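# Summary of structural features
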Amino acid sequence: MARNNRAKESHFPLLAFLLLCLLLLFLASPLHDQGDDSARATQKVLDVIMSNTNDMGPLSLESFWKNNLSASWRIAGLKTSNATNQPNKSGNIVGQEKQTGKEGKFSGGNLLSVGSAQWTDSPAWLARRQLIEKRKEKRAAELVKQDDEVIVKLEDSAIEHSKSVDSAVLGKYNIWRKENENENPDSTVRLMRDQIIMARVYLSIAKMKNKLQLYEELQSQLKESQRALGEAASDADLHPSDHEKIKTMGQVLSKAKEQLYNCKLVTGKLRAMLQTADEQVRGLKKQSTFLSQLAAKTIPDGIHCLSMRLTIDYFLLPLEKRKFPRTENLENPSLYHYALFSDNVLAASVVVNSTIVNAKNPSRHVFHLVTDKLNFGAMNMWFLLNPPGKATISVENVDEFKWLNSSYCPVLKQLESATMKEYYFKAGHPTTTGASNLKYRNPKYLSMLNHLRFYLPQVYPKLDKILFLDDDIVVQKDLTGLWAVNLHGKVNGAVETCGESFHRFDKYLNFSNPHIANNFDPNACGWAYGMNMFDLKVWKKKDITGIYHKWQNLNEDRVLWKLGTLPPGLMTFYGLTHPLNKTWHVLGLGYNPSVDRSEIDNAAVVHYNGNMKPWLEIAMTKYRSYWTKYVKYDHPYLRNCKLQE
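Residues numbered from 1 in each chain as written. Predicted model: local features only at pLDDT ≥ 70, side-chain atom pairs only at ≥ 80, totals over all residues. Heavy atoms only, no water.

## Thoughts on the overall build of the chain
If you tally the helices and strands in the chain, you get 27 helices and 14 strands. The proportion of buried residues among the 645 residues of the chain is 40%. For the chain, the proportion of contacts with a sequence separation of at least 24, taken over those separated by at least 6, is 73%. Counting only carbon and sulfur atoms, one obtains 54% of the accessible surface of the chain, whose full area is about 36700 Å². (Helix = DSSP H or I, 4+ residues; strand = E, 2+ residues; numbered from the N terminus. Buried < 20%, exposed > 50% of the residue type's maximum accessible area, 1.4 Å probe, protein only. Contact = heavy atoms within 4.5 Å. Areas by Shrake-Rupley, 256 points an atom, 1.4 Å probe, with all protein chains shown as cover.)

## Quick word on the side chain of R453
Secondary-structure assignment places R453 in the loop between α18 (448-451) and α19 (456-459). Polar side-chain contacts of R453 include one of 2.9 Å to the backbone oxygen of N450. (Polar contact = N/O pair within 3.5 Å; in protein donor to acceptor, adjacent residues only side chain to side chain.)

## Observations concerning the nonpolar core
If you look at the biggest cluster of nonpolar residues, it comprises 62 residues, and the most contacted ones within it are L306, L369, L467, L479, L482, W627 and L638. Examining the composition of this core, we find that 8 residues originate from one element, helix α12 (residues 345-358), more than from any other. Excluding residues within four positions of it along the chain, L467 makes contact with H337, Y338, A339, L479, L482, W483, M531, N532 and M533. Judged by nonpolar contacts, the second largest core, of 44 residues, contains L415, V538, F573 and L576. (Core = buried A, V, L, I, M, F, W, Y, C linked by side-chain atoms within 4.5 Å.)

## Re the packing of aromatic side chains
Within the structure shown, the criterion is met by 24 aromatic pairs. Taken together, a centroid distance of 6.5 Å and an interplanar angle of 90 degrees make the contact between F454 and Y529 edge-to-face. Here F454, found in the loop between α18 and α19, pairs with Y529, found in the loop between α21 (514-517) and β11 (531-535); they are 75 residues apart in sequence, far enough to count as distant. Residue Y529 is classed as buried on the basis of its relative accessible area of 7%. (Phe/Tyr/Trp six-rings, centres within 6.5 Å; stacked < 30°, edge-to-face > 60°.)

## Details of the UniProt feature "coiled-coil region" (unreviewed entry) in the chain
As recorded in UniProt, the sites labelled "coiled-coil region" (unreviewed entry) are residues 205-235. For the annotated span residues 205-235, helix accounts for 71% and strand for 0% of the residues, and the straight-line distance between the end C-alpha atoms is 30 Å. (UniProt positions renumbered as here; feature names shortened; annotations may be inferred.)

## Focus on the sheet that holds strand β9 (residues 473-475)
The strand order β9-β14-β13 describes an open sheet built from 3 strands, whose pairing is mixed. Two strands lie at the open edges of the sheet, namely β9 and β13 (585-586), each paired on one side alone. Two strands pair when backbone bridges link them, and β13 and strand β14 (residues 605-607) are joined in this way by 2 bridges, in the parallel orientation. Its bridge partner lying in β14, H585 is registered against V605. (Pairing = 2+ DSSP bridges.)

## So, the pattern of salt bridges
If you walk through the whole model with that rule in mind, you get 8 salt bridges. Notably, a salt bridge pairs R227 with E224, separated by 3.1 Å at the nearest N-O pair. Here R227 pairs with E224, and both are found in helix α8 (residues 212-229), just 3 residues apart, close to one helical turn. In this structure E224 comes out as partly exposed when scored by relative accessible area, which is 28%. D278 is the salt-bridge partner of R282, the closest N and O atoms lying 2.4 Å from each other. With R282 and D278 both in helix α10 (residues 263-297) and 4 residues apart, this pair spans about one turn of that helix. What makes D278 partly exposed here is its relative accessible area of 38%. Residues joined by salt bridges that share partners form a network here, namely E224, R227 and K245. (Salt bridge = Lys/Arg side-chain N within 4 Å of Asp/Glu carboxyl O.)

## Notes on the pairing of strand β5 (residues 336-341)
Of all 6 residues in β5, 5 are buried, a share of seventy percent or more. Examined bridge by bridge, β5 and strand β6 (residues 365-371) share 6 bridges and lie parallel to one another. Looking at β6, one finds that F341 is bridged to V370. Following the backbone out of β5, through α12 and into the adjacent parallel β6, one traces a crossover that is right-handed. For β5 and strand β8 (residues 465-469), the ladder comprises 3 bridges, and the chain directions are parallel. Paired with L340 across the strands is L469, a residue of β8. (Right-handed = clockwise from strand over helix to strand, strands pointing away.)

## Some details on the packing of helix α7 (residues 187-208) against α10
Remark: α7 packs on α10, axes separated minimally by 10 Å, with the N-to-C direction vectors making an angle of 120 degrees. One element, α7, and the other, α10, form an angle in the oblique class. As for the relative orientation of α7 and α10, their crossing is right-handed in sense. The residues of α10 that touch α7, namely those facing I197, M198, R200, V201, Y202, S204, I205 and M208, are L265, V266, K269, L270 and M273. Residue classes in the contact of α7 with α10 are distributed as 10 nonpolar, 1 polar and 2 charged. (Axes fitted to C-alpha atoms, helices over the stretch in contact; angles between N-to-C directions. Parallel < 35°, antiparallel > 145°, perpendicular 65-115°, else oblique. Left-handed = near helix turned anticlockwise from the far one by under 90°. Nonpolar A, V, L, I, M, F, W, Y, C, P; charged D, E, K, R; others polar.)

## Digging into the environment of W561
Looking at where W561 falls in the secondary structure, it is placed in the loop between α23 (544-554) and α24 (566-572). Sequence separation between W561 and F511 is 50 residues; the distance between their C-alpha atoms is 9.5 Å. Setting aside residues up to four positions removed in sequence, W561 forms contacts with Y508, L509, W551, Q552, N555, P567, P568 and M571.

## Description of the environment of M208
By the element assignment, M208 lies in helix α7. Judged by its relative accessible area of 47%, M208 falls in the partly exposed class. Sequence-distant contacts of M208, defined by excluding residues within four places in its chain, comprise L265 and K269.

## A closer look at the side chain of N609
Mapped onto the elements, N609 comes out in the loop between β14 and α26 (621-628). Look at N609 and you get buried, because its relative accessible area is 19%. A polar side-chain atom of N609 sits 2.7 Å from the main-chain amide nitrogen of G588. Filtering out sequence-adjacent residues up to four positions away, N609 remains in contact with D472, L587, G588, L589, G590 and Y591.

## Describing α10
In a regular helix each residue adds 1.5 Å, so 35 residues correspond to 51 Å; α10 covers 51 Å between its end C-alpha atoms and thus fits that length. Taken as a whole, α10 has its buried residues at V266, F290 and Q293. Sitting at the amino-terminal end of α10 is N262, which places a side-chain oxygen 3.0 Å from the backbone nitrogen of K264. (Expected span 1.5 Å × (residues − 1).)

## Considering the packing of α8 against helix α9 (residues 242-260)
The contact between α8 and α9 brings their axes to 10 Å, and the two run at 150 degrees. Here α8 lies roughly antiparallel to α9, going by the angle between them. Once α8 is placed against α9, the crossing between them reads as left-handed. Two secondary-structure elements touch here, α8 through L214, E217, L218, Q221, L222, E224, S225 and A228 and α9 through D242, K245, T248, M249, V252, L253, K255, A256, Q259 and L260.

## Describing unusual backbone geometry
Positive phi, normally seen in glycine, also occurs at N210, with a value near 65 degrees. Counting through the fold element by element, N210 comes out in the loop between α7 and α8. Non-glycine residue R326 carries a positive phi angle of around 55 degrees. Note that R326 resides in the loop between α11 (301-315) and β5. According to the relative accessible area criterion, R326 is partly exposed, its value standing at 32%.

In structure tokens:
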């Protein structure tokens, strides 16, 4: 309604103008001298005006001119029809009109009428309309044709431009290569690799299309390029003559492209090559995981040699020379005591040496080393030859702890079961396919040296506090401040390792088991072994060892967690761990290449947790120097065993 009102209001000035024109024309005609005729004419004008302001739509000058003019205003060439509702030549009935929409358009076209007047479009007008339509169609066709011609011209121009580029220069078979030259130090090496890939594609297509001569050329040049590339990682590794081979390969590829290029075929071949490469990468990743786990389990020849030499020399010593000094400090609770359980002589020496070097008062530090019977002699001999200055040290053999037996320790009891022996000691297990499970078969998880951390009060009954250290750490600052940290009644002081969504309890424990789901929060924050302050007084009150035994017995079938000491540690010390400042202990140097350098430099202890231990060949070079600076490579034993930095 509002829209109709606005349309009518917009035509009021036009309506007034038309009324004025009609009035003037009427006065000028003979009708104004005739009374009744004048009245009838006036009424006719008003009817005409009203007929063009009805709901059929806004007033139109064109329709007004075509439909409502009197005979005296008729334009030459327009004929009137004297009959009303007469059939015309096209079969339309005079007086019938078809209206569509609100615009008042007539689809009948040949006849328009208002009141008693009937009008038809003249042949000239119809011919004119046809010419207009033809011109429109012709113009549209010309525009379409012009667009096609423009596209063809652009394509021709691009082809001509490509011909002007020397595609054989340095093997640049792709015209975009020259325009997007990369100045990277390995750009030529990458170009050769790209050429080899495309050569393999065209080689396959040439064989499929029986292009034997081209096939032989590609095969020959492919071998030359592969031989030239070899193991090169940068342009500096290439021989100067290799550029000529790149140029030759580019020429062969240009020839192959002219004869064989088919977008669909090339795309299919590249997709197949990509899929094959992806499968190879997955296989190599599995193999790499398996080999890294295997490397992590092995002891380097040099360290094995060192252990054997030290063991032999130890048992050649007289009994009176096998004792360490200051043994009275071993049970003095007022001193700073460290627990270190290891079967690696070189690693243990770095832990002790780095701690003493950075200690403010070494004479108050006491080291309690525990090893197995195979390395007991070597560990004793090393520290007899290289005593830790004024600090106190002792070395014990875990196999001599008679109280640690299968009737008391669940782990030892489980190792005697047939299923455990089958799982860990029998052959026939998958290798590369089972690489993810290989780490859980690492002997360290079965060694009592690894589980001895749950028996600290039994091993050191007269101590109040002790700092537990792993053998893959390096101490960079004085650690005596840890004894002053208030644990707020907790047993374990450790650095938390959880982020927003990782290293939480659900990563380590099986929460589908009701024993786990009903007792622990899956989002509880994990913490790290490696540097832990234990309050042995609170330990005894809380019966931490008993809690550990409870969970270890429930996990006989490995349904709560897989092997290792961190999962049972998280459960045993759940709600009993005090978080330490992260600067005390920075982890990840054995697996994470992105550890922030400033965090490492500011850390009191850095931890090589992971497979890339600093004494292995697979160690990350960027972190190895933090460890090697505490190794005495000039020692005769290390030189004889060819242990080098």
